[in-house]
Amino acid sequence: MSVAKKDYKRITVKSLIEMKANSEKISMLTAYDYTMAKIIDTAGIDVILVGDSASNVMAGHETTLPITLDQMIYHAQSVIRAIKRCLVVVDLPFGSYQSDPKEALRSAIRIMKESGGHAVKMEGGKEIKDSIKKILNAGIPVMGHLGLTPQSIYKFGTYTVRAKEEQEAKKLKEDALMLQKLGCFAIVLEKVPANLAKEVAESLTIPVIGIGAGNGVDGQVLVTHDMLGMTHEFNPRFLRRYMDLFNGMSNAFSQYIDDVKSQDFPNENEQY
Ligand code: KIV
């Protein structure tokens, strides 16, 4: 179904809720630096997520756990300098909000004050209810994140699909409703069965943005480096690659090396 798109000059948390009400799907991608954020924002994305996946794709860690609050703020500052239109959501990293609500609020305030980000994202349901409440009470918009929550990878043990069993699906539905009741403006649902994700999206008035959660949700998010084919070892079923930049860039680098070695570069027109 094709839906008329409203021409938003600036995307806010309210615009996302309006998009859901108007059945307009929400587009979201990750960015961690100025140049990438500028390209993505210029293309017309609705939301940039400064994801803690920076820990994997920018720093080369195996998990998202090592990235620090200072590092997330650095990435978010670079993204904020680039954008004109989209909403920028910044992940609260592992260890910056789980211990107690006061620390969670301090972390969220640092992100908002030092980076200029527009909202924070937090992984988890009722376990972190008090922290979410505290942050929302300070006027900071919160995006929830349920399903596969990579900051808990050592509890899960694997990155496989979550909530396939009835009990976990029930908890996920309760958590999603709780996040909406608390006042979260949107929820990311990661790697859960498509029919469950659809049911959750249809039961809520706030948007549900999926990654590996099928087509029945209100929007989609991908890690930019994955959809551009820069991270070629990562091949989950949900990932659509729009480019093969790993090979494209490798070829460009090889060509450059050859040109330097053969003294083809620089030529007469490329010097002063
Ligand atoms: O950190 C991240 O990139 C994320 C997305 C996978 C949703 O949380």
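Residues numbered from 1 in each chain as written. Predicted model: local features only at pLDDT ≥ 70, side-chain atom pairs only at ≥ 80, totals over all residues. Heavy atoms only, no water.

## Re the overall build of the protein
Right, on to step 1. Along its length, the protein carries 11 helices and eight strands.
Right, on to step 2. Along the longest, intermediate and shortest principal axes, the C-alpha atoms of the protein span 65 × 45 × 40 Å.
Right, on to step 3. With 272 residues in all, the protein has 49% of them scored as buried.
Right, on to step 4. Residue pairs at least 24 apart in sequence account for 57% of intrachain contacts in the protein once pairs closer than 6 positions are excluded. (Helix = DSSP H or I, 4+ residues; strand = E, 2+ residues; numbered from the N terminus. Buried < 20%, exposed > 50% of the residue type's maximum accessible area, 1.4 Å probe, protein only. Contact = heavy atoms within 4.5 Å.)

## Comments concerning the pattern of salt bridges
Right, on to step 1. Applying the stated criterion across every chain, the model contains 12 salt bridges.
Right, on to step 2. A salt bridge links Asp 218 to Lys 20; the nearest nitrogen and oxygen atoms lie 2.8 Å apart. With Asp 218 in the loop between strand S7 (208–211) and strand S8 (219–222) and Lys 20 in helix H1 (residues 13–21), this pair connects stretches of sequence that are 198 residues apart.
Right, on to step 3. With relative accessibility at 12%, the residue Asp 218 sits in the buried group.
Right, on to step 4. One salt bridge connects Asp 175 with Lys 171, and the closest N-O pair in it is separated by 2.5 Å. Taken together, the residues Asp 175 and Lys 171, both in helix H8 (residues 166–182) and four residues apart, mark about one turn of the helix. (Salt bridge = Lys/Arg side-chain N within 4 Å of Asp/Glu carboxyl O.)

## Observations concerning helix H9 (residues 194–203)
Right, on to step 1. Within the sequence span of H9, burial applies to Leu 196, Ala 197, Val 200 and Ala 201. Buried residues of H9, viewed axially, fall in a sector of 135°; they line one side. Residues of H9 that are exposed and point over 90 degrees away from its buried face: Asn 195 and Glu 202.
Right, on to step 2. Among the structural elements, H1, H8, strand S6 (186–190) and S7 are those in contact with the buried residues of H9. (Arc of directions from axis to C-beta.)

## Some details on the environment of Gly 51
Right, on to step 1. Within the secondary structure, Gly 51 is located in the loop between strand S2 (47–50) and helix H3 (54–57).
Right, on to step 2. Given the relative accessible area of 1%, Gly 51 is considered buried.
Right, on to step 3. Residues Gly 51 and Tyr 32, spaced 19 residues apart in sequence, show a C-alpha to C-alpha distance of 7.5 Å.
Right, on to step 4. Ignoring sequence-local partners within four residues, the contact set of Gly 51 consists of Tyr 32, Met 72 and Asp 91.

## A short note on the packing of H8 against H9
Right, on to step 1. Relative to each other, H8 and H9 sit at 25°, their axes nearing to 10 Å. Regarding the angle of H8 to H9, the classification is roughly parallel. You can see that H8 and H9 cross each other, and the crossing is right-handed. On H9, the residues touching Ala 169, Leu 172, Lys 173 and Ala 176 of H8 are Leu 196, Glu 199 and Val 200. (Axes fitted to C-alpha atoms, helices over the stretch in contact; angles between N-to-C directions. Parallel < 35°, antiparallel > 145°, perpendicular 65-115°, else oblique. Left-handed = near helix turned anticlockwise from the far one by under 90°.)

## What to know about the environment of Arg 10
Right, on to step 1. On the secondary structure map, Arg 10 appears in the segment before H1.
Right, on to step 2. With relative accessibility at 39%, the residue Arg 10 sits in the partly exposed group.
Right, on to step 3. Residue contacts for Arg 10: discarding those within four places in its chain leaves Ser 15, Ile 83, Lys 84, Arg 85, Cys 86 and His 118.

## A look at the side chain of Asp 41
Right, on to step 1. Within the fold, Asp 41 resides in helix H2 (residues 34–43).
Right, on to step 2. Buried charge without a salt bridge: Asp 41, with Arg 85 as the nearest opposite-charge side chain at an N-O distance of 5.7 Å. (Lys, Arg positive; Asp, Glu negative; His and termini not counted.)

## Re the site of the ligand
Right, on to step 1. Thr 30, Leu 49, Gly 51, Asp 52, Ser 53, Asp 91, Lys 121, His 145, Val 188, Glu 190, Ile 211 and Val 223 make up every residue found near the ligand.
Right, on to step 2. Residue Asp 91 places a side-chain N or O atom 3.1 Å away from an oxygen atom belonging to the ligand.
Right, on to step 3. Compared with its free state, where it exposes 260 Å², the ligand has 95% of that area covered by protein.
Right, on to step 4. Looking at the shell around the ligand, its residues break down into four nonpolar, four polar and four charged. (Near = heavy atom within 4 Å. Polar contact = N/O pair within 3.5 Å; in protein donor to acceptor, adjacent residues only side chain to side chain. Areas by Shrake-Rupley, 256 points an atom, 1.4 Å probe, with all protein chains shown as cover. Nonpolar A, V, L, I, M, F, W, Y, C, P; charged D, E, K, R; others polar.)

## Brief notes about H1
Right, on to step 1. Restricting attention to buried positions, one finds in H1 the residues Ser 15, Leu 16, Met 19 and Lys 20. Buried positions in H1, seen along its axis, are confined to an arc of 140° and lie on one side of it. Every exposed residue of H1 that faces more than 90 degrees away from the buried side is listed here: Lys 14 and Ala 21.
Right, on to step 2. On its buried face, H1 sits against strand S1 (26–30), S2, strand S3 (87–91) and H9.
Right, on to step 3. With its phi angle positive at about 55°, Ser 23 sits one or two positions after the end of H1.

## Looking at the side chain of Glu 190
Right, on to step 1. Relative to the helices and strands, Glu 190 is located in strand S6.
Right, on to step 2. The charged side chain of Glu 190 is buried without a salt bridge, its nearest counter-charge being Lys 121 at 6.2 Å.
Right, on to step 3. Of note is the side chain of Glu 190, whose polar atom sits 2.9 Å from the side chain of His 145.

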